[in-house]
Every structure is written in C-alpha cells, then in structure tokens.
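Residue-level structure breakdown
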Amino acid sequence: MSAAGAFDEIRIGVIGCGGFGLFALQHFAQVPGVRLAGMAGTHREAALAAAKRFGLENVEEVADLLRREDIDLVYIATPPFLHHDQAIRALEAGKHVICEKPMAVALSQADEMIASAARRNLLVVANLMQRYNPLFEAVRTLIERRILGEVLHGYFENYAADEGLPAEHWFWDRTKSGGIFIEHGVHFFDLFEGWLGKGQVVSAQACRRPDADLEDQVQCVVRYGGGVLVHFYHGFHQPGRMDRQELRLVFERGDVTLYDWIPSRYRIHAVVDEAATRALCDLFPKARLDVSATYGGKDRLCRGRGRDLDVYQMVELSGGLERPKLHRYGDLLRDLLSDQLAWLRDRSHVRRVTEQNGRASLAMAVEADSLARQTMPG
C-alpha cells in the first residue's frame, strides 16, 4: 500500500518525540485506523519516555525512518527551523506530513512544501487545531448571523509563561524559532482569519528584555475586511501559574470575551431584543443567562453607531466547555487528525484546516515580524 493510496490503517512515524510530541501522539494513537510505527530524531531522555509509553524502542535516524515502507504519514514535532527540510524529505519519500506550527520559518519554504505535496498528491498540513474548537464555530455563527450586529474591534492578549524557557532554549533564537509572531502567533492569526477573513498587518512592534538580548514581547494591529482593527499582544514573561490569555470581539450591541489560549470559557455582555436573546441561548445552550436590566416602553429605544436600536434587556451569558483544558486540547488533536484522514480516504471531503491555513497564518506572521524589525531600537 502506498502512502498516497487508499488505506484501512495509517502508520505514523514521528520525528522529534519530545514533551509535546509525546502528548500529541497519545491522542493521535486513539484515532481509529491509526498505528504508531516508528520514531526518529529524538533525544535519549524523551526517546526512553516514548519507548515506555508506546514501545517504539528503535530510535532511528531520520533518513532511515523515511526509507521505511511501513510508514504512511510523518508527524514532525521538532523546532520550527527543521520543519521545511524534514517535511521536504518526507514528501520526497512519498509520506504524508503533519507538522507542528508554524509550517516553516519562511514563506518560500512553506510554498515549496505545498508544491512538493501537490506534485505527489500528498498531505502537508500544520497543526492549527483551534478551528476544531466548538467555541470557534459558535463565535463564527454569531458573526455570520449578525446576532449582535457587525464586528467593530477585537484584541487578543497573551500573557504567557517563560518559566520553562531558559535563556539557552531554542525558542529565543530567532534563527530556530522565527520569533514570537512566527513560532506562536500563527495560531491566533489563523483563528481570527477564520472569523473575519483575510487581514492586513498595519503596524507592529517588539521589545527586548533590558537585562538580556531576548525578544519577549511583540504586538501588532491587523485590519480585517472593511475596517475591523484587531490588536494582538504576546508577552513571554510570566510565572507558569500566572499564564493567561484573553480574547475579545466588540460588536455593535455587545461583546464576546473568550479565555485561555485554547478558548474554553466565555462571557457575552450585550443589549438585545427578544429574538436576539433567543438566538444567543440557542447558540450557547449551556450558558448561564443573567439579566442586568430590562427595558419597556420608550426605554426600549436607544442609539448606537448613529442608528436607532430597539432593546428588551441587557444580558450576560457565561459558561465554559465541560472538559478540562488539557482534555479539550486532546479532543482538538484527535479531531484534526480525523479530519485529515477523512480527506485522504475521500478527496471530496472538505477539511477545516488545509495547507493554505498554514501558509496564510505564516504570511501574516512574517509580515508582522518584518514591520516589528523596522521599528525595533538598535
């Protein structure tokens, strides 16, 4: 059976089975029709952990893994600067590829990967699993149906931990990670593009720590569609226990706030009429609904953005996904792999994440990084 052909079972080989690689593999292995078959390019300590978990005791050289005929798909979980070379080698060996984000550290590299896969009728996709989150779909429906009117503004604030990132970690080396926008920001560029369409970076900045040559803060503003401005901030400077994220979309009649880097909790604050109240409750069926104010008679009339509005009440809806955050992360990994396997079995299947998501998110990250470099103090 060839990797590009039909299959009942897909056999995965992993390159780079470190902490996250091991976490992801535990979820990939639960997808029906998947078997872990080999491991390469893994440091000894991580290799021993994987061997204990999966029995993949033969840690091979990458070239040896790619020569094996019993490997159909290669999962690449190495630092970003290795993705391009390893993916190209895997594709040339006739293997499908799923790699960790970002797809590559340069747009030309991503284009080469996509072209190589297309020539061989193979899969190449980056692990941008945010679009499989039920809250992603709920917010997209909220936007498309204009339940709270048009989107006017948004922001994403990422106060991330650096407790596990010593100064010598590859994360801080731009030649290996690409920098924060590329290594980490791609997740959120893709998330907002899924909601608002394509955007254009209009400004970007970066900051270094005063006591070290480490770039630990970046921010940018992206303009979407007809003028929706969204601000992105990423700072890697918090103790692990203070790691936190907040995302907000402001509409004409309210706002939606999501919490955590994989959004798992939400709060909606809005003024609504009876139909909008019903629509919100249908879209978020397990939310707690609190009524902050009720309006009647002439008090139902108010104005916003130059237009008359008829509102029945001010409400707050709040809730969260029932599963713990790490459990939800596992769900998204399984859903991503299942979606890609469905496409391999039936090319008419419409995937939520394709190779173009990896390219588009990288393109925006590269653009933001380039602008930030122009304004960076010497």
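Before reading on, note that the structure itself is shown above.
About the thresholds
Residues numbered from 1 in each chain as written. Predicted model: local features only at pLDDT ≥ 70, side-chain atom pairs only at ≥ 80, totals over all residues. Heavy atoms only, no water. Buried < 20%, exposed > 50% of the residue type's maximum accessible area, 1.4 Å probe, protein only. Helix = DSSP H or I, 4+ residues; strand = E, 2+ residues; numbered from the N terminus. Pairing = 2+ DSSP bridges. Axes fitted to C-alpha atoms, helices over the stretch in contact; angles between N-to-C directions. Contact = heavy atoms within 4.5 Å.

Further remarks concern the pairing of strand S11 (residues 244-251). By the alternation rule, side chains of S11 split into Gln245, Leu247, Leu249 and Phe251, which are all buried, and Arg244, Glu246, Arg248 and Val250, of which none is buried. Alignment of strand S7 (residues 151-161) against S11, held across eight bridges, turns out to be antiparallel. Its bridge partner being in S11, tyrosine 159 is matched across the sheet by arginine 244. In the sheet, S11 pairs with strand S12 (residues 254-259) via six bridges, with the strands oriented antiparallel. What sits directly across from leucine 249, in S12, is valine 256. Linking two consecutive strands that pair antiparallel, namely S11 and S12, is a turn of two residues.

Here nine strands make up an open sheet; going across it, the order is S8-S9-S10-S7-S11-S12-S13-S17-S14 and the pairing mixed. Strand pairing shows two members of the sheet lacking a second neighbour, strand S8 (199-208) and strand S14 (288-294), which therefore form its edges. Averaged over all neighbouring strand pairs, the angle between strand axes comes to 10°, with direction disregarded. Contacting S7, S8, strand S9 (215-224), strand S10 (228-238), S11 and S12, helix H8 (residues 180-196) runs over the sheet at an angle of about 25° to S9.

Further remarks concern the pairing of S9. Here S8 pairs with S9 via nine bridges, running antiparallel. Counterpart to serine 203 in the pairing with S9 is valine 221. Here S9 runs beside S10; their pairing, made up of eight bridges, is antiparallel. By the bridge assignment for S10, tyrosine 224 is matched with valine 228. Following S9, the chain reverses through three residues before pairing antiparallel with S10; glycine 225 in that reversal takes a positive phi of roughly 50°.

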